[in-house]
Amino acid sequence: MAYRHVIWDWNGTLLDDAWLCLEVMNGLMDRRAMQPVTAEFYQREFGFPVIDYYRKLGFDLERDPFDRISHEFIGAYNRRRLECQLFPQVRATVEAVHTRGLGQVILSAHEQRTLAELVGLLGLSAYFSQLIGLDNIYAASKAANGRAHMASLPHAPHEVLLVGDTTHDYEVACEIGADCVLLEGGHQSRARLEACGVPVLGSHAEVLELLG
Ligand SMILES: [Mg+2]
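The structure presented is a predicted model; accordingly, all values stated were derived computationally and were not measured. (Residues numbered from 1 in each chain as written. Predicted model: local features only at pLDDT ≥ 70, side-chain atom pairs only at ≥ 80, totals over all residues.)

### What to know about the domain arrangement of the chain
Here the chain is partitioned into domain 1 (5–16 + 85–211) and domain 2 (18–83). Here the C-alpha centre of domain 2 lies 23 Å away from the C-alpha centre of domain 1. Contact residues are listed per partner, giving 16 residues for domain 1 and 12 residues for domain 2. Of all the elements in the fold, those that place two or more residues in the side of domain 1 that touches domain 2 are α6 (112–121) and α8 (167–176). Considered class by class, the residues forming the side of domain 1 that touches domain 2 number six nonpolar, 10 polar and no charged. (Domains from an automatic or database assignment. Contact = placed C-beta atoms within 7 Å. Helix = DSSP H or I, 4+ residues; strand = E, 2+ residues; numbered from the N terminus. Nonpolar A, V, L, I, M, F, W, Y, C, P; charged D, E, K, R; others polar.)

Here it is as structure tokens:
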């Protein structure tokens, strides 16, 4: 398989931020006298659209609107976002992919402007031809942006590899026809990723091996 283009997810795939999402959400829940959840619960239950995860956590969205919780979450996340680091092999991996002449983009459910800012601050902008985020903070789905991106490429779907850390990444890959591999250590447990039936990898170096 000769891949010519890689679509990377951002949160939990390149950026190690699941721990921050867990801490921020537990802070919001603490302010509402709700019980905090563990990292294990988070990886077992978190998913897209995130409104469904908020319901699982027990938020009463009738009295405490999703819109208000989303703004509170993203405000607290953004105040601490610079505490997050890239996973250890990310810089070397995207640099190597770039050197091999493959195209690379980031397709994220994160809001576009803050995505671009953080990728820039971490010194990665030069490796990606596009940073594709959402135009809002509600993290519902990135399928529409994925379809539009695939339609803009000169490649056949099987020449495109999507790398993510959640079942939503797998769903998007299926929808656009791209191959998919999933990385453990992000926002969902290995068991959930394995249920998708695509390779679940333990490191970014393994992605590079797969690209040949
Ligand atoms: Mg992710």
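Past the structure itself, the notes keep going.
### Examining unusual backbone geometry
Of the consecutive residues F48 and P49, the connecting peptide bond is found in the cis state with omega at -5 degrees. Looking at where P49 falls in the secondary structure, it is placed in the loop between α2 (39–45) and α3 (50–57).

### A closer look at α8
Buried within α8 are the following residues: H168, D169, Y170, V172, A173 and I176. Buried residues along α8 sit in contact with α7 (143–152), β6 (160–164) and β7 (179–183). Two residues or fewer past α8, G177 is found with a positive phi of approximately 85 degrees. (Buried ≥ 20, exposed ≤ 12 C-beta atoms within 10 Å, placed from the backbone.)

### Here we look at the sheet that holds β6
As summarised here, the arrangement of the six strands in space is β5-β4-β1-β6-β7-β8, forming an open sheet in which the pairing is parallel. The strands lining the two open edges of the sheet, one partner per strand, are β5 (130–134) and β8 (200–201). Judged from the four bridges that link them, strand β1 (residues 5–8) and strand β4 (residues 103–111) form a sheet pairing that is parallel. Residue pairing for β4: V6 is matched across the bridge by Q104. Sitting on the sheet, α6 is in contact with β4 and β5, with an inclination near 130 degrees to β4. Each of β4, β5 and β6 touches α7; the most contacted strand, β4, lies at about 160 degrees to it. (Pairing = 2+ DSSP bridges. Axes fitted to C-alpha atoms, helices over the stretch in contact; angles between N-to-C directions.)

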